[in-house]
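Topology and contacts: notes
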Amino acid sequence: LISFLKKEGVSPVILSGDNENSVSLCAKELGIDKYHFNLSVEDKINFVKQYQKNASCIFVGDGINDSAALKLADISFVMNNASDFTKNLGDFVLLENDLGKVRYCFELSKKTFSIIKQNLFWATIYNAICIPIAAGTVPFIKLSPHLAALAMCFSSLTVVLNSLRLRKVSF
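Described below are features of the structure shown in this document. All of these numbers come straight from a predicted model, not from anything done at the bench.

1. A look at unusual backbone geometry
The backbone phi angle of Asn-38 is positive, close to 55°, even though this residue is not glycine. Note that Asn-38 resides in the loop between strand 2 (34–36) and helix 3 (41–52).

Dropping the structure here:
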């Protein structure tokens, strides 16, 4: 996950209430350069605000002491073993307590955005061609209202079927 985030231009940072030794050891093992330890809830909030000045902030947490930072972050992931209160504040709850699912969310959101752009492109092209025909403004082409309505249903069906491709996405 850390190498993926770095490849995506995300700078991982550890914000922890734990002691320096355990946090530095964990950061070193994970290949994370920036880490902060012995942080209070207020400290985490201040760090999130500081990071938000430069870019969007993603926060992953599991404790009550992470709740305010999770709520403040632009995108937040909560581990399944967190308290119900903390889970309610997160944007995503990782049901399997697997941080690799954060990567899945990144990949799925990219694919979703790509499909949204495709749907908008094809719907715009389709409507630019079909609406004038359906309105009867194109000479020599006449459609009954029934066929025009059927053609518009085809446009919506195409968008829905294209979106359903997301169900088959796996990373």
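Having seen the structure, we can now continue with the description.
2. Here we look at the pairing of strand 3 (residues 58–61)
Along strand 3, the buried face is formed by Phe-59 and Gly-61; none of Ile-58 and Val-60, which line the opposite face, is buried. With four bridges joining them, strand 3 and strand 4 (residues 75–79) adopt parallel strand pairing. Bridge assignment links Gly-61 to a residue of strand 4, and that residue is Val-78.

3. Focus: the nonpolar core
Counting residues in each nonpolar core, the largest one holds 11 residues, listed as Leu-15, Leu-39, Phe-47, Val-48, Cys-57, Phe-59, Ala-69, Leu-70, Ala-73, Val-78 and Ala-82. Those elements that place two or more of their residues in this core are helix 3 and helix 4 (67–72). Discounting residues that sit within four places of it in the chain, Ala-69 has contacts with Lys-44, Ile-45, Val-48 and Phe-59. The next biggest cluster of nonpolar side chains, apart from the first, holds eight residues, and it includes Phe-4, Leu-5, Phe-77 and Met-79.

4. Section: the pairing of strand 4
Across the five residues that make up strand 4, a large majority, four, are buried. Once you follow strand 3 into helix 4 and on to strand 4, the crossover reads as right-handed. The sheet contact formed by strand 4 and strand 5 (residues 92–94) spans three bridges and is parallel. Across the sheet, residue Phe-77 finds its bridge partner in strand 5, namely Phe-92. Handedness of the crossover joining strand 4 and strand 5 through helix 5 (residues 84–89): right-handed.

What counts and what doesn't
Residues numbered from 1 in each chain as written. Predicted model: local features only at pLDDT ≥ 70, side-chain atom pairs only at ≥ 80, totals over all residues. Heavy atoms only, no water. Helix = DSSP H or I, 4+ residues; strand = E, 2+ residues; numbered from the N terminus. Buried < 20%, exposed > 50% of the residue type's maximum accessible area, 1.4 Å probe, protein only. Pairing = 2+ DSSP bridges. Core = buried A, V, L, I, M, F, W, Y, C linked by side-chain atoms within 4.5 Å. Contact = heavy atoms within 4.5 Å. Right-handed = clockwise from strand over helix to strand, strands pointing away.

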